[in-house]
Structures are given as structure tokens and as C-alpha cells.
Amino acid sequence: MDENRLIDMETKLAYQEKIIKDLNDVVCEQQKVIEKLEAGYKKLTKLFNEQAKMVSGIEGPADEKPPHY
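Residues numbered from 1 in each chain as written. Predicted model: local features only at pLDDT ≥ 70, side-chain atom pairs only at ≥ 80, totals over all residues. Heavy atoms only, no water.

Observations regarding the overall build of the protein
When helices and strands are counted, the protein shows 1 helix and 0 strands. Classification of the 69 residues of the protein by burial places 0% in the buried group. Counting every atom, the protein has about 7,300 Å² of accessible surface; 62% of that belongs to carbon and sulfur. (Helix = DSSP H or I, 4+ residues; strand = E, 2+ residues; numbered from the N terminus. Buried < 20%, exposed > 50% of the residue type's maximum accessible area, 1.4 Å probe, protein only. Areas by Shrake-Rupley, 256 points an atom, 1.4 Å probe, with all protein chains shown as cover.)

Following this line, the structure appears as C-alpha cells:
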């Protein structure tokens, strides 16, 4: 009976080690995706700020004062 119990414990441990490894792999892949998303976000933010600076220098109809009647 003790041998079967030991085999069961070793089997469970092997499954747990496999699950932990699989979960670690998933977390590592997610971190890579997060880093790519952060880099893209920074690029978009920089581009947006550059475009906003360019547009803010241009006066359009919204910036013009209406004529007095």
C-alpha cells in the first residue's frame, strides 16, 4: 500500500511540474505580447502628439471669430 501511495504522489508531482511549466510558458508569451503592445502604444502616442502639435498651429473655421452683425 505504501508503494502505491508513493507512485500516486510521484505521478501527481509530475503533473504539477508539467502544469507549472506550461503556465510559465503562457506567462512568458503574454509578457512578450504586452511588451509589443507597450512599444506600439508609445509609438502611437508620439505620433499623435506630433500630429497634434502640427494641427494646433493651423487656424481653422473653429478658431475664427464670427463676424459682428
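So much for the structure itself; the text now carries on.
Some remarks on the pattern of salt bridges
This model, assessed by the stated rule, comprises 3 salt bridges. Asp-22 serves as the salt-bridge partner of Lys-18, at 2.9 Å between the closest nitrogen and oxygen. Placement of both Lys-18 and Asp-22 in helix 1 (residues 2–56) is noted, with a separation of 4 residues, approximately one turn of the helix. With a closest N to O distance of 3.6 Å, Glu-29 and Lys-32 form a salt bridge. (Salt bridge = Lys/Arg side-chain N within 4 Å of Asp/Glu carboxyl O.)

So, to be careful, I would describe these as geometric facts and stop short of saying anything about function.
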